[in-house]
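What the coordinates show
Listed here are the chains, written in short residue letters.
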Amino acid sequence: MLLTLTALSFGLAEAGMSGSAVLIPVLLATLVKGNIVIDRFMALRGVKGPWRWIVLGWLLLVLGLIAYAFQLAQS
């Protein structure tokens, strides 16, 4: 799944897509990949309490800041 999502991200760029058309799919693929890493590699799938939410919140914050910076650069 991680390799497929990475290939999708590269494929969009290679297909000549750019700007906002590629931003949303790449950020969504990154969110899914990050969630897989959090669940499986960091072993936080069954963890109760704040640890899982802190890590997921950090991921969402970073992706949101990237999207915001991209939109500022486009204006």
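One can find the structure itself at the top, above this paragraph.
Residues numbered from 1 in each chain as written. Predicted model: local features only at pLDDT ≥ 70, side-chain atom pairs only at ≥ 80, totals over all residues. Heavy atoms only, no water.

What to know about the overall build of the protein
When you go through the protein residue by residue, the secondary structure sums to three helices and zero strands. Against the 2.2 N^0.38 benchmark of 11 Å for 75 residues, the protein shows a C-alpha radius of gyration of 14 Å, more extended than a compact globule. Out of the 75 residues in the protein, the part that is buried amounts to 21%. Taking as baseline every contact in the protein between residues at least 6 positions apart, the subset at least 24 positions apart corresponds to 53%. (Helix = DSSP H or I, 4+ residues; strand = E, 2+ residues; numbered from the N terminus. Rg over C-alpha atoms; globule rule 2.2 N^0.38 Å. Buried < 20%, exposed > 50% of the residue type's maximum accessible area, 1.4 Å probe, protein only. Contact = heavy atoms within 4.5 Å.)

Some thoughts on the pattern of salt bridges
Applying the stated criterion across every chain, the model contains one salt bridge. The residue Asp-39 makes a salt bridge to Arg-52 at a minimum N-O spacing of 2.3 Å. Placement of Asp-39 in helix α2 (residues 20–41) and of Arg-52 in helix α3 (residues 50–74) is noted, with a sequence separation of 13 residues between them. Taken individually, Asp-39 and Arg-52 each receive the classification buried, so the pair is uniform in this respect. (Salt bridge = Lys/Arg side-chain N within 4 Å of Asp/Glu carboxyl O.)

Here's the deal with α2
With 22 residues, α2 ought to run about 32 Å at 1.5 Å a step, and its terminal C-alpha atoms sit 30 Å apart, in line with that. By the burial criterion, the buried members of α2 are Val-22, Leu-23, Leu-27, Ala-29, Gly-34, Ile-36, Ile-38 and Asp-39. As for α2, its buried residues are in contact with α1 (2–14) and α3. At the exit of α2 stands Ala-43, carrying a positive phi of roughly 55°. (Expected span 1.5 Å × (residues − 1).)

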